[in-house]
Structure formats: structure tokens, C-alpha cells
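Examination of the molecular architecture
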Amino acid sequence: MNHRLDGLHPYPFERLNALLSDITPASNYPFIPLSLGEPKHPAPDFLMDIYADREFLKAGVGNYPPTKGSPEIRQAIATFVNRRFKLTQAPINAETQVLPVTGTREALFAFAQAVIDSDGSGGAPLTLMPNPFYQIYEGAAILAGSKPCYLECLQENNFQPDFDSIDDTTWQQCSLIYICSPGNPTGSVMPIDVMQKLIHLSDKFDFVIASDECYSEIYRDESNPPPGLLQACDEMGRDNYKNCVAFNSLSKRSNLPGLRSGYVVGDESIISRFLLYRTYHGSAMSSHHQALSAAAWLDEEHVIENRILYRQKFDAVADILSDSWPMDIPAAGFYFWPKTPCDDLQFTRKLLQHTNIKVLPGSYLSRVVNDQNPGQDRIRMALVATTDECVEAAQRIKTFIDQKQYL
Ligand SMILES: Cc1ncc(COP(=O)(O)O)c(C=O)c1O
């Protein structure tokens, strides 16, 4: 077996199940899961209507779908990306700069396998990533034969990595960096000038930037959508996206986590090599899902409605907890990332025991660097359930905090 498999860490949810295995949850309350980032708002009706059409389902099952994607899905993605990220200098070319992928998880993982050259001279290259993070970055880096390098995202830096604190040797050894904006779990948005600083560093040290933007369409301020990496390039007046690749998905934007549909866009030469990799990897999206995805990327109405629902939920929950456990509403994404009044593992256990609510301890989403775990004494709460359920959860949590049941 591949010895690198031994380097993989258990997934946070596996650790969570072990942590809670001996807890008997409060039986007087129905269970509310706030641990998993799986959207629960309904999928758009107009897409489900297409799905329900038998003729639509019959068409396409007799052919292998193209790995590169149909012209329709590539054009729909390019249209979305160009409009959403205001790409005017060098609009994305649907033929050469777009690939549909079966969710960002799969693509973020596969990307490292295609990009990292672990046989090069100079030892294992580095893959930089935020800390806390989406654990796929780490597993992808390890299996590709590189060494993960964790960049602390602390509150004092608005939960963003501090690129100025990284020395030249680290940048020289870096072959890939993952950034995540809006961030999971912090909901923090990377400012465009910070992205541009990173792009200058990539010019200087020649590494690839993989920008995970899968929460880009869930944000508070309707007039101020989070910027994307390609937008940062465009505003620098560039006519290409050298070393820059952005990932996004319909899972959060359109409440379609089960469709497994996303995209990769950016640097033409990287996209063409990644397509070569994917041809062998065998991860083409089914023709039905390509057609549905094209329709989803071209519609904004359902996405606006989705944002309204999240804003209502954040307001309602923050309001209920305001006196007992005030928490900052993040600029984007659908997670609260509050500090806990005690150790995060203890908090998580006691919360399930007293309220039958499951959350994820922050320390399970981060690695210890310099004796510090940036997720310690925080929890991640995903506001994915219905408004009624989230309100019910907030009321139970308020009592839990007021009565210090976490002790
Ligand atoms: C930061 C981040 N990236 C990527 C993904 C993967 O999403 P999907 O594969 O559904 O596109 C998730 C899922 O929760 C995530 O939180």
C-alpha cells in the first residue's frame, strides 16, 4: 500500500463520533445537528422539474460524458464567473479555461496530485494552507508527496493568514498554496489587496494558488460580494491568470450538495494539464448533471433568496444569544465560530448531553503549530437547518450557557 496513507489524519467527524460515543443525549429534546456543513434549504424547484422529466433522464445515459464538460456547461460557468467576478481585462474562455468537476472536494484533492512534483530536487515541496482549514487540503498535500505548512488564521488578523510573516525560504519551497475565502470555519473574507500580494509572491517564487471559493455566494452585504482570486488578477490589469486557479461549487450556492457539481477555472496551461490528469482519473460528471448545472449557474434568483434565508437565521440566532453568549456574525459563509467559555471538547460533550445539539470542536479543524491550536476553545456551528430549528437550537443553547451547564 501507499505509505503516504499512514500520514493521513482521522477526519474531524470521525473524531467527533469518538468524542461523543459515551454521551447519552438529553432525551427530552429532538436532535439538532449543527456540526455538518450540509445545506438543508430546498434545492431550486425549476431544477427539480428538469430532473423529474423522464425524457431528460433517458437522454445521455447511453453515452460516456466528456471529462472536459459539454460546451453548454463550460459556457454557463464562464458566463457566471465573468459576470460575478467582473472579469473585463481577460474574460474566462469557456474552451480553454474551464473544467466542470464533481464537487470542489474532489477537485481540490485531485489538483494537488496533478500540480505537485514530489520527485523534483530539493526535498518534499511545501503545500501551504490556512489553519483552521478544510482537511482535504492537508490530505491532498500528503498523498501528493508534499509537506503541509499550516498558516495560522487568528482573530487579531481577522482570521486571515499573515503572508508578511512567511520567510523567503518557505516561499521558495512552496509549490502550492490553498486559500479559502470566504473561510471555513471562520467566514472571514480575504481582502482583494491581500490576494494581490499573494499573486505578486507567486510571480516571484513561482507557486500555484488554489483558491477555494465555495462559500462565495453566501454573504451578508448584498452590495459587497466577496472578491475572488481571478477578480484580483483582473483588477491588476493582467491579461492571463498565471498560476491562479479558482474552485467553486453548486453545493452551498444552490443547495445541491448531492449533485456533486463544481468548477475549476483559471490559468489555461494548468487547466489543460489538469484535464489530462482527469482524463485518467475518470471523474467526468454525468451528462444529466452537466445540463442541470449549466441551468443552475445561469440563474441568480434562487441564490439571492438563499442569502436572505441565511441572513434571517444569523440575525435570529445572534439576537437570542446576544445577552448570554454574544457572537460576531461573519461576513460570509454559514458558520458561527465563537469562543467557548470552557475547553471546546468539554463544551461539545456537555452541549450534546444537555441539549441534544451537535457542534464541531474548533480544535478538530486545526493543527497545533508553535504549541498553539488556533481552533482551540472555539466551536463551529453550521446554520444549515431550517430557521425554526436554528431558533430552537439557539434557545436551548441560551439556557445551557445561562445555567453554566458546560461546567
Ligand atoms: C471549505 C470547503 N471547501 C470545499 C468543500 C467541498 O464542497 P463540495 O465538494 O460539495 O463542493 C467544503 C464542504 O463543506 C468546504 O467547506
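Residues numbered from 1 in each chain as written. Predicted model: local features only at pLDDT ≥ 70, side-chain atom pairs only at ≥ 80, totals over all residues.

Focus on the sheet that holds strand β9 (residues 335-336)
Put simply, the test is: Pairs of strands are assigned from DSSP output, requiring at least two bridges between the strands. Per the convention used, a helix needs a DSSP run of H or I reaching at least four residues, while a strand needs a run of E reaching at least two, with both numbered from the N terminus.
One open sheet holds the three strands; their spatial order is β9-β12-β11, and the pairing between them is antiparallel. Where the open sheet ends on each side, the last strands, each with one partner, are β9 and β11 (360-361).

Notes on the environment of A59
The criterion, for reference: Every C-beta atom is placed from the backbone, and the number of other C-beta atoms within 10 Å of a residue's own sets its class: buried at 20 or more, exposed at 12 or fewer, partly exposed in between.
Looking at the element boundaries, A59 is found in the loop between α3 (54-58) and α4 (71-84). Taking the C-beta count within 10 Å as the criterion, A59 has 13 such neighbours and is therefore assigned partly exposed. For A59 and S287, which are 228 residues apart along the polypeptide, the C-alpha to C-alpha distance reads 8.5 Å.

Re helix α8 (residues 192-205)
So the rule is basically this: The length a helix should cover is 1.5 Å for every residue beyond the first. Throughout, the arc means the angular range of directions from the helix axis out to the C-beta atoms. It is the C-beta atoms, placed from the backbone, that decide contacts: two residues are in contact if theirs lie within 7 Å.
Taking 1.5 Å per residue as the helical rise, α8 with its 14 residues ought to reach 20 Å, and the 20 Å between its terminal C-alpha atoms agrees with that figure. Every buried residue of α8 is accounted for by V194, M195, L198 and I199. Angular distribution of buried residues about the axis of α8 spans 145 degrees; they occupy a single face of the element. In α8, those exposed residues whose orientation departs by more than 90 degrees from the buried face are D193, H200, D203 and K204. Contacts made by the buried residues of α8 are with β6 (208-212), α9 (229-235) and β7 (244-249).

Some points on the sheet that holds strand β5 (residues 174-180)
The criterion, for reference: All axes here are fitted lines through C-alpha atoms, helices being fitted over the stretch that makes contact, and every angle between N-to-C directions spans 0 to 180 degrees.
The seven strands lie next to each other as β2-β8-β7-β6-β5-β3-β4, forming an open sheet whose pairing is mixed. Of all strands in the sheet, those with a lone pairing partner are β2 (98-101) and β4 (147-152), marking the two edges. Strand-to-strand, the axes of this sheet are offset by a mean angle of 20 degrees, without reference to chain direction. For β6 and β7, the ladder comprises four bridges, and the chain directions are parallel. The partner of D212 across the bridge, within β7, is F247.

Here's the deal with the site of the ligand
Put simply, the test is: Only the C-beta atom matters for this test: placed from the backbone, it must lie within 6 Å of a molecule or strand for the residue to be near it. Three residue categories are used. Nonpolar comprises Ala, Val, Leu, Ile, Met, Phe, Trp, Tyr, Cys and Pro, charged comprises Asp, Glu, Lys and Arg, and polar comprises the others, including Gly.
The full set close to the ligand counts 13 residues, and G103, T104, R105, S249 and S251 are the nearest of them. Split into classes, the residues belonging to the shell around the ligand amount to four nonpolar, seven polar and two charged.

Describing the nonpolar core
Short version of the rule: Structurally, a nonpolar core is described as a collection of buried Ala, Val, Leu, Ile, Met, Phe, Trp, Tyr and Cys residues joined by way of C-beta atoms within 7 Å. A domain assignment, automatic or from a database, supplies the domain bounds used here.
Judged by nonpolar contacts, the single largest core of 107 residues is most densely connected at I77, L230, V264 and L383. Counting residues domain by domain, this core receives three or more from each of domain 1 (3-42 + 302-402) and domain 2 (64-299). Discounting chain neighbours no more than four positions away, the residues touching I77 are V98, P100, Y263, V265 and W297.

Regarding the pairing of strand β3 (residues 126-131)
Basically, it comes down to this: Orienting the strands away from the viewer, one traces the path from the first strand over the helix to the second; a clockwise path indicates a right-handed crossover.
Burial of β3 is extensive: six of the six residues sit out of reach of the surface. Bridge count for β3 against β4 is six bridges, and the pairing is parallel. Bridge pairing in β4 links P130 to L151. Read from β3 through helix α6 (residues 136-143) to β4, the crossover connection turns out right-handed. Across three bridges, the pairing between β3 and β5 is parallel. Note on β5: the bridge partner recorded for T127 is L176.

Remarks on unusual backbone geometry
Among all residues except glycine, the phi angle is most often negative; among peptide bonds, the trans geometry is most common. Cis rather than trans, the peptide bond between S181 and P182 has omega equal to -10 degrees. For the peptide bond that leads from N184 to P185, omega is 15 degrees, which places it in the cis range. Note that P185 resides in the loop between β5 and α8. Despite not being glycine, D371 has its phi angle at roughly 65 degrees, a positive value. Locating D371 in the fold gives a position in the loop between β11 and β12 (379-382).

What about the domain arrangement of the chain?
Once the domains are mapped, the chain shows domain 1 (3-42 + 302-402) and domain 2 (64-299). Centre-to-centre, using C-alpha coordinates, domain 1 lies 26 Å away from domain 2. The leading source of residues in the side of domain 1 that touches domain 2 is helix α13 (residues 301-321), at six residues. Counted by class, the side of domain 1 that touches domain 2 contains 17 nonpolar, 10 polar and six charged residues.

Considering the packing of helix α5 (residues 104-115) against α6
The condition is simple: Each angle receives one of four descriptions, namely roughly parallel if under 35 degrees, roughly antiparallel if over 145, roughly perpendicular if within 65 to 115, and oblique otherwise. Should the near helix be turned anticlockwise from the far one by less than a right angle, the crossing is termed left-handed; should it be turned clockwise, right-handed.
Their axes nearest at 8 Å, the elements α5 and α6 cross at an angle of 25 degrees. Viewed along their axes, α5 and α6 adopt a mutual orientation that is roughly parallel. In the packing of α5 onto α6, the handedness of the crossing is right-handed. The segment α5 lies against α6, with R105, L108, F109, A112 and Q113 engaging I136, Y137, G139, A140, A141 and L143. The residue makeup of the contact of α5 with α6, split by class, is eight nonpolar, two polar and one charged.

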